[in-house]
Amino acid sequence: MKSFLLVCIIGISLSFNTKKENDSIEIYTQKLDSCEFEGKKLYGTIQLVEFANQADIKVQIVNSFPDLKVQFVESFPDKCGEWQVVEFNGDLKVYITENFPDIKIQPVGNFPGLP
């Protein structure tokens, strides 16, 4: 009887831990339905900033499972995911972070946009 009760308690505690892990994953995953984030378009000229409080959006660079595929271009960044990096007056100010990003991006050579 004691062993059955112990197995039940362990099973319940594992199910609570799994639920918390899944909840935290959902918190940090951003799903994009369009090529905008909080009213800002995710293409155009991009200004990289040094501090998070200066940024319109915080991004994490990943190799897989991105929220947006980004192609860095030299001119005419007019399609979803095309970014032209500029020194001043960018359409979007971006801060690159390792922790707690707003979205995750993956640099690509072709076919930018939503995955």
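Everything numeric in this text was worked out from a predicted model, so none of it was measured.

(A) The arrangement of the pattern of salt bridges in detail. Using the criterion set out here, one finds one salt bridge in the structure. Linking Lys-40 and Asp-56 is a salt bridge whose minimum nitrogen-to-oxygen distance equals 3.9 Å. In this pair, Lys-40 is assigned in strand β2 (residues 40–41) and Asp-56 in the loop between β3 (44–48) and β4 (57–61), connecting sequence segments 16 residues apart. For Asp-56, a relative accessible area of 29% translates into the label partly exposed.

(B) Layout of the nonpolar core. Counting 14 residues, the largest nonpolar core has Leu-42, Ile-57, Leu-68, Trp-83 and Ile-103 as its most contacted members. At the level of elements, β4, β5 (68–72), β7 (92–96) and β8 (103–107) are the ones that each hand at least two residues to this core.

(C) Structural detail: the state of the cysteines. Enumeration according to the criterion identifies one disulfide in this entry. A disulfide bridge connects Cys-35 with Cys-80, and the sulfur atoms are separated by 2.1 Å. Taking the torsion about the sulfur-sulfur bond, which here is approximately 95°, the covalent link between Cys-35 and Cys-80 counts as right-handed. Note that Cys-35 is positioned in the loop between α1 (2–28) and β1 (36–37) and Cys-80 in the loop between β5 and β6 (82–86), a separation of 45 residues in sequence. On the basis of relative accessible area, Cys-35 is assigned to the buried category, the value being 12%.

Rules used throughout
Residues numbered from 1 in each chain as written. Predicted model: local features only at pLDDT ≥ 70, side-chain atom pairs only at ≥ 80, totals over all residues. Heavy atoms only, no water. Salt bridge = Lys/Arg side-chain N within 4 Å of Asp/Glu carboxyl O. Helix = DSSP H or I, 4+ residues; strand = E, 2+ residues; numbered from the N terminus. Buried < 20%, exposed > 50% of the residue type's maximum accessible area, 1.4 Å probe, protein only. Core = buried A, V, L, I, M, F, W, Y, C linked by side-chain atoms within 4.5 Å. Disulfide = S-S within 2.5 Å.

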